[in-house]
Amino acid sequence: MAIKQPAKLSTSPPTKSQQKAVPVSGAAAGRANGAPLKRGLALAGGGPLGAMYEIGVLLALDEALEGLDFNEFDIYVGVSAGSFITAGLANKITPSEIFKLFIENRAADKGIAKRGGGKETLRPELFLKPAWAEYFSRVKSMPPLLAKALLRTARHPFSGSLLDKFAGLTRALPTGLFDNTSIRLFLKKTFSEPGRSDDFRQLKPKLFSVATDLDTGESVRFGGVGFEHVPISVAVQASAALPGLFPPVEIDGHYYVDGALKKTLNASVAMQEGAKFVLAVNPLVPFDANYAKRRGKQEMEKLVEGGLLTVLSQTFRALIHSRMHVGLQKYQTMFEDCDVVLFEPSKDDAKMFFTNLFSYSTRKQVCEHAYQGTRRDLLKRRYELEPIFAKYGITINFEVLKDQSRTLDNRLFKRGEQIPKRQRLDSATLDLADTLTELDGFVKGRVAGRTAGRAASRAASRTADRAAAKNKK
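A few points on the structure. Throughout, residues of each chain are indexed from 1 in the direction in which the sequence is written. Note on the predicted model: pLDDT of at least 70 is required for a residue's local features to be given, and 80 or more for side-chain atom pairs to be given and counted; whole-chain, interface and lining totals, by contrast, use all residues. Computation of side-chain values covers all heavy atoms of the structure but excludes hydrogens and water.

**Regarding the packing of helix 4 (residues 95-103) against helix 14 (residues 363-380)**
Convention followed: Between N-to-C directions, angles cover 0 to 180 degrees, with each direction set by a line fitted to C-alpha atoms, over the stretch in contact for helices. Secondary structure counts use DSSP, requiring at least four H or I residues in a row for a helix and at least two E residues in a row for a strand, with both numbered from the N terminus. Each angle gets one of four labels, with under 35 degrees taken as roughly parallel, over 145 as roughly antiparallel, 65 to 115 as roughly perpendicular, and the rest as oblique. The hand of a helix crossing depends on one turn: near helix anticlockwise from the far one by less than a right angle means left-handed, and clockwise means right-handed. Whether two residues are in contact is decided by their heavy atoms: any pair within 4.5 Å suffices. Throughout, the ten residues Ala, Val, Leu, Ile, Met, Phe, Trp, Tyr, Cys and Pro are labelled nonpolar, Asp, Glu, Lys and Arg are labelled charged, and all others, Gly among them, are labelled polar.
Packing of helix 4 against helix 14 brings their axes to within 10 Å, and their N-to-C directions diverge by 150°. Judged on the interaxial angle alone, helix 14 and helix 4 are roughly antiparallel. As helix 4 runs across helix 14, the sense of the crossing is right-handed. Along the contact surface, helix 4 presents F99, F102 and I103, while helix 14 presents R363, K364 and C367. Across the contact of helix 4 with helix 14, the residue classes tally to four nonpolar, no polar and two charged.

Here's what the structure looks like:
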C-alpha cells in the first residue's frame, strides 16, 4: 500500500503549526477524494483491570468527541481483554451498555433473556470458575508419569539427580487455574441476539481478535483470511487465554493463548486494512516512582518494598510498554499517511499500578478513575489533538470536559430514569462493596498510622528515660 506523510503520533507535544492549524470543515472533513476515510479502534489487553480502564476511557471519549460513534468504526482490533470490548462494539453494543454489563452487573438494553424472565449479566464469577476438566485430565496423567520416573530411577539409580528423574511430573500440572468456557457461552448468547452475530463474516465492520499460536509463537488474527470461520466468542476466548490463568483454547487442532504475548496493541492490523485514523487504548504502563514523588503522589519510596508481585508487575509492564512504543515508532515509516491517537495512564498513576490486575471489587472505582483521567487528558492535549481530529470530522466538546461535576453515575443515569427494583438492589450492593473496600483501606491505613505513632512515642519515651538516667548519674 502507498505510504506518504509521516504518521502523527499523539504522544508527542504539539508544534506551533499544529496549534495554528485550521480545522477542516464541511464535506471535506474525514473524506479523501469524496470517500470517507476509514477509522479503526485498537484496544490492548491487561486483564480485568485493563478492561475496566478501557471502558472508562471509551465512556469519556464517547461524550466528549462529536462526530465519533464507537459503534460505527470501520475496523476493530482487540487483544486479550480488549477483544471483549471490541467484539461488543462491533456488535452494536454501546459503551454505556458494556459498562452496565461488565462494571455494574446490570443487563444492557438488549440483554439476554433467561428462563426466569431476567437478563444475563457478565458476573465476576464467570471468570473465576475452577478448570475442573483440566484438573481431572492432569490427575489422570499422574500415575503413568510417576511409574515412568520410578522405573528410570530403578534402572539408573546413580546417574543424574533425583530432581532430574522426577522432572517429568511437572507435565501433570494444570495449564490454567480457571475455566473460560463460561465466558465463551456468555458471549455466544449475547451475540445471538437480533441485530448481532457471532460470525465475523456477518458483521458490517471488520473485526479482528488477536491470539498467539502456542506451538509456533505466531500471532493469529481471527476474523482475517483463513480464520474468519471461527466463531467470535471462541476467538475472544482464545485471545484472552492468559497462560497460567486460563487453559489454552483448541481451535482446528491448534492451541491458542493470549494475543498480548506476541504484540501489545496491534494497531498495525487496522492500518493494514485501510484505516487512516486509529484510536488506540493501552491500560498498562510502568510506574515511575521518582516522577510520582516529585508530583506528590508517592505510594512507596522504592518499588522493591512492595515485594515480589510488585517487582513482577513493573517488569511485565515495562516489557510490553517498550515493545508497544517500538511498534509505534515503526508506524511512522510503515504507515506514513495515517494518524494514531493513543490514550493510556500517566506514568505516575498509582491507582492503575497498585490495583490488582485481576481485582473485581474496585471495578467502579477504576472505571471512574479512567473516565476522569481521560477527560483531563483531552483538555491537556487539546492543541495537539484538535488538528488531528479535525481531519476526520471530529471535534472536542469543551463544555462537557469543563463540567467538573460530571461522573459516570450522572452521565449514564439521568434523573427520573426508572430502574427495575432488582437492578437497583444489585447496583446498591456493588456500591456498598466498593464503599466497604475503600473503608477497609482507610481503616488499615489509620490503624497502621496509629501503631506507628504509638511505637514512635514509646521509643521517644524510652530515649528520654535513658537520657534522664544518664543525667542523674
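**With respect to the side chain of N282**
Our working rule: Partly exposed residues are those whose accessible area sits between 20% and 50% of the maximum for their type, while under 20% is buried and over 50% is exposed, using a 1.4 Å probe and protein chains only. Two N or O atoms form a polar contact when they lie within 3.5 Å of each other; inside protein one atom must be a possible hydrogen donor and the other a possible acceptor, and for residues adjacent in sequence the pair counts only when both atoms belong to side chains.
Tracing the sequence through the fold places N282 in the loop between strand 13 (277-281) and helix 11 (289-294). Note on N282: relative accessible area 1%, which makes it buried. At 3.1 Å, the side chain of N282 forms a polar contact with the side chain of E344. The contact partners of N282, leaving out residues within four places of it in the chain, are A44, Y53, T264, H321, M324, L342, F343, E344 and P345.

**Structural notes on helix 3 (residues 81-90)**
In terms of burial, helix 3 is largely enclosed, as ten of its ten residues are buried. Residues A81, G82, S83, F84, I85, T86, A87, G88, L89 and A90 constitute the buried set of helix 3. Just downstream of helix 3, K92 is the residue with a positive phi angle, here 70°.

**What about the packing of aromatic side chains?**
Applicable threshold: The aromatic pairing rule takes the rings of Phe, Tyr and Trp, using the six-membered ring of Trp, and pairs them if the centres are within 6.5 Å, calling planes under 30 degrees apart stacked, those over 60 edge-to-face and the rest tilted. Sitting over a ring, as applied to charges here, requires NZ of Lys or CZ of Arg to be within 6 Å of the ring centre and within 35 degrees of the ring normal.
Taken as a whole and judged by the stated rule, the model has eleven aromatic pairs. An angle of 70° between the planes, with centres 5.9 Å apart, marks the rings of Y331 and F335 as edge-to-face. Residue class for F335 comes out buried when judged on its relative accessible area of 3%. Here the aromatic rings of F353 and F354 are separated by 4.9 Å at their centres, their planes lie at 85°, and the arrangement is edge-to-face. We classify F353 as buried; its relative accessible area is 5%. Over the aromatic face of Y291 sits the side chain of K347, whose NZ or CZ is 4.5 Å from the ring centroid.

**A word on unusual backbone geometry**
Although it is not a glycine, K92 sits at a positive phi angle of roughly 70°. Tracing the backbone through its elements, the reader meets K92 in the loop between helix 3 and helix 4. Of the residues examined, K92 reaches a relative accessible area of 35% and is grouped as partly exposed. Its identity as a non-glycine residue notwithstanding, N266 has a phi of 65°, on the positive side. With respect to the helices and strands, the residue N266 is situated in the loop between strand 12 (254-258) and helix 10 (267-272).

**A short note on the pairing of strand 9 (residues 206-213)**
To keep it simple, the criterion reads: Strands are treated as partners if at least two bridges between them are detected by DSSP.
Summarising burial for strand 9: seven of the eight residues are buried, a large majority. Taken together, the four bridges between strand 9 and strand 10 (residues 219-222) define a ladder with antiparallel strand orientation. If you follow V210 over to strand 10, its bridge partner there is R221. Counting the residues between successive antiparallel strands, the hairpin from strand 9 to strand 10 contains five residues, one of them, G217, with a positive phi of roughly 75°. Sheet topology note: the strand 9/strand 12 ladder contains three bridges and is antiparallel. The residue of strand 12 that forms the bridge with A211 is D258.

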